[in-house]
Amino acid sequence: MDHWQTADGASFLHKGPERNDPCWCGSGKKYKQCHMRMDERIRQYALEGHMVPDRSMIKTAAQIEGIRESGKINTALLDLVAERIHAGMTTEEIDRLVEEKTRAFGAVPAPLGYEGFPKSSCTSINDQVCHGIPSEKDILKEGDIVNVDLSTIYRGYFSDSSRMFIIGKTTPEKDRLVRVARECMEAGIAQVKPWQFLGDMADAVNRHAKENGCSVVVDVGGHGVGLEFHEEPFVSYVAPKGTEMLMVPGMVFTIEPMVNAGTAEICIDDENGWTIYTMDGKPSAQWEVTVAVTEDGCEILAW
Ligand code: MF3
Ligand code: CO
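All of the points below concern the structure found in this document. (Residues numbered from 1 in each chain as written. Chains lettered and ligands numbered in written order. Predicted model: local features only at pLDDT ≥ 70, side-chain atom pairs only at ≥ 80, totals over all residues. Heavy atoms only, no water.)

Turning our attention to the packing of helix α2 (residues 61-84) against helix α3 (residues 91-104). A pair of packed helices can be characterised by two numbers: the angle between their axes and the separation between those axes. Viewed as axis vectors pointing N to C, α2 and α3 meet at an angle of 140°, and their least axial separation amounts to 10 Å. Between α2 and α3, the interaxial angle falls into the category oblique. α3 is crossed by α2, and the crossing has right-handed handedness. The residues of α3 that touch α2, namely those facing Leu 77, Leu 80, Val 81 and Arg 84, are Ile 94, Leu 97, Val 98, Lys 101 and Thr 102. The class makeup of the residues in the contact of α2 with α3 is six nonpolar, one polar and two charged. (Axes fitted to C-alpha atoms, helices over the stretch in contact; angles between N-to-C directions. Helix = DSSP H or I, 4+ residues; strand = E, 2+ residues; numbered from the N terminus. Parallel < 35°, antiparallel > 145°, perpendicular 65-115°, else oblique. Left-handed = near helix turned anticlockwise from the far one by under 90°. Contact = heavy atoms within 4.5 Å. Nonpolar A, V, L, I, M, F, W, Y, C, P; charged D, E, K, R; others polar.)

This is the structure:
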């Protein structure tokens, strides 16, 4: 999504707690034994003029555990789609499968009713970049490439991931695009480490796409996730190294670059107001994970 503001460094001027008081994160530990050093380090970056997260973007261990449980369900649902998807299946059938199984897990599909979205999943075929609406009319056929994007709410925690599926055998161009898009996501994940910047991750994604003659969509990106469907920060996959927000342990967001075979330009379906297409009609591919920044790298919470 494209409309979240990033926090500015100046907002990281929190007061307290005092060093011997309980930490703000609710761990029950003294502040000096919990987040105090991390907060000081963040403040240094803010003073140097970098964008830094505020406390609302730093999840506690208990919250991450909740998101992890939600993510396990989202991953299992995509595993199930992988088993069942086939030529001749409609995207409506995929959606029905997802909705039923989500409920069977005691969870809720996050897209359903989200800002009026009518279905439980997004299914984006060929030149559809994202936010394809499942339909009885869309019958998957040999050679199609399709992104199935699922988001789950479980016990109040949100997770978000998507995968590409190739229906039967496709063209070398589409086959390669699906592979390059996956490698872009992996290149991004490899750069998710505390005390680096989201721009370092974005630059790795964008560089890999360019090296392979592909382009990365600029106007739609990723987002923080976990306590809501879409949280700050907005996550770009084209920003330069050393820019964008500082990554710190406890941040949870998506890595979901949309990679196009041709131009990065996109347009929106004005009949349904949702589905995004490539401007040149060439194919687009996307893989998505939800990640948490850890002390020394990241953990994939939904795949
Ligand atoms: N994972 C997609 C996103 O974050 C799902 C959107 S659901 C929709 O943009 F309802 F917004 F389409
Ligand atoms: Co998303």
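Let's shift gears to the coordination of the cobalt ion (ligand 2). Ideal donor angles around a metal are set by the shape: a four-donor tetrahedron calls for 109.5 degrees, a six-donor octahedron for 90 or 180 degrees. For the cobalt ion (ligand 2), the protein coordination sphere consists of Asp 160 (OD), His 223 (NE2), Glu 256 (OE) and Glu 288 (OE), at 2.1 to 2.7 Å. Under the relative-accessibility criterion, His 223 is labelled buried at 1%. (Donors = N, O, S within 2.8 Å, 3.2 Å for Na, K, Ca; no water. Buried < 20%, exposed > 50% of the residue type's maximum accessible area, 1.4 Å probe, protein only.)

Turning next to unusual backbone geometry. Put simply, Glu 232 and Pro 233 share a cis peptide bond, and its omega is 0°. Turning to its location among the elements, Pro 233 is positioned in strand β8 (residues 231-235). Residue Asn 126 is not a glycine yet carries a positive backbone phi of 55°. Along the chain, the position of Asn 126 falls in the loop between β2 (122-125) and β3 (128-130). Given a relative accessible area of 15%, Asn 126 falls into the buried group. Positive phi, close to 70°, is recorded for Trp 195, a residue that is not glycine. Note that Trp 195 resides in the loop between α4 (172-189) and α5 (198-211).

What is shown is where atoms sit, not what they do.
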